[in-house]
Amino acid sequence: MADVKAPKSLKLKFKGEKTKKKRKHDDDDDGGSSSRRRRRDAEDDDSPETWVRPEQANEIRGPAFIFHPSDPAPICISFDATRARVALHALEKLEDGAGGGLLERIPTEVGQVWVVTRVAGASTINLRTGTGEGKFLSCDKHGVVAADRDARGPQEEWTPVVLDDGMVAFMNNYEKYLGIDEVAGGQLALRGDSENVGFQERFYVKIQSKYKKEANEEERKKGGALDTPSMDEKGANSIYQAWGAGKSVVSQDDRKELKRARKEGRLAEALLDRRSKLKSDRFC
């Protein structure tokens, strides 16, 4: 009798993504297997490819999954590579007990993923298709949404607005919002001419956890750059002023002056004055 092949997994995988190794377990040890199961679930939650919801607008970057809680079935914004246009696809109904909650939805096709890019320091983002030739999502002054631009300009810029309930609204360059509209024949279409944010203009967005951590790390570094300067005079002198083979010389003056300067907010200036007195060239 021929061996029955296992069903193929429908989980979406990206190019370069590492495959997780299968872990062996002992079914006889119930306590050990349950602890291993909890540990495995925790590792899956910490995986860089785990889909999570952003809490701030600057966290929306990298691969993104955008869907709307429509009735009777939620729909996602996808790109139809065959017809080269934006499409709204209804998400498949999951079986009961299979983790089919609305917020647990993840992309199952590459066309459902948009690549979010942004210029450094800008509050706007660009949405590029994850399939085909990488077209940018744009909106003109009439509210027509398309994905047929090879380069990004003002019409390809979107400002994400994270709402109080965690959902996201997208505002275009004309200060209008992206929304879902019902057109002739009862079909749904994507428009960009809504004046206010209502139910049709609110979307759920999911990103990969590694990009969320990356955004938080950048914010932490920016905050650290504004901290009080360090009083490590030896370390500063070794960077800005050294003699011979990296020899560092420290001023013998009282350090009380440095503490007083730090309280007054002029610590960097005081360190510079102390270094200038150590120079051997009186003309510099």
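Treat the numbers as computed from the prediction; the structure is a model and nothing was measured. (Residues numbered from 1 in each chain as written. Predicted model: local features only at pLDDT ≥ 70, side-chain atom pairs only at ≥ 80, totals over all residues. Heavy atoms only, no water.)

## Here we look at the overall build of the protein chain
Summing up its helical and strand segments, the protein chain has 5 helices and 13 strands in all. The buried share of the protein chain, reckoned over its 284 residues, is 33%. Residue pairs in contact within the protein chain that sit at least 24 positions apart in sequence constitute 54% of those at least 6 positions apart. If you sum the accessible surface of the protein chain, you get close to 18,900 Å²; carbon and sulfur atoms cover 49% of it. (Helix = DSSP H or I, 4+ residues; strand = E, 2+ residues; numbered from the N terminus. Buried < 20%, exposed > 50% of the residue type's maximum accessible area, 1.4 Å probe, protein only. Contact = heavy atoms within 4.5 Å. Areas by Shrake-Rupley, 256 points an atom, 1.4 Å probe, with all protein chains shown as cover.)

## What about a positive patch on the surface?
The grouping of Lys-256, Lys-259, Arg-262 and Lys-263 at the surface amounts to a positive patch. Along the chain, the position of Lys-259 falls in helix α4 (residues 256–264). Owing to a relative accessible area of 48%, Lys-259 belongs among the partly exposed residues under this scheme. (Patch = residues over 30% accessible without salt bridge, like charges linked within 9 Å, V, L, I, M, F, W, Y side chains within 5 Å. Salt bridge = Lys/Arg side-chain N within 4 Å of Asp/Glu carboxyl O. Lys, Arg positive; Asp, Glu negative; His and termini not counted. Charge placed at Lys NZ, Arg CZ, Asp CG, Glu CD.)

## Examining unusual backbone geometry
Following Asp-71, the chain continues to Pro-72 via a peptide bond in cis, the omega torsion being 15°. The phi dihedral of Ala-84 is positive, around 55°, even though this residue is not glycine. Inspection of the secondary structure assignment puts Ala-84 in the loop between β3 (75–80) and β4 (85–90). At Glu-175, a residue that is not glycine, the phi angle is positive and equals roughly 60°. By the element assignment, Glu-175 lies in the loop between β10 (168–171) and β11 (177–182).

This is a description of form; function is not addressed.
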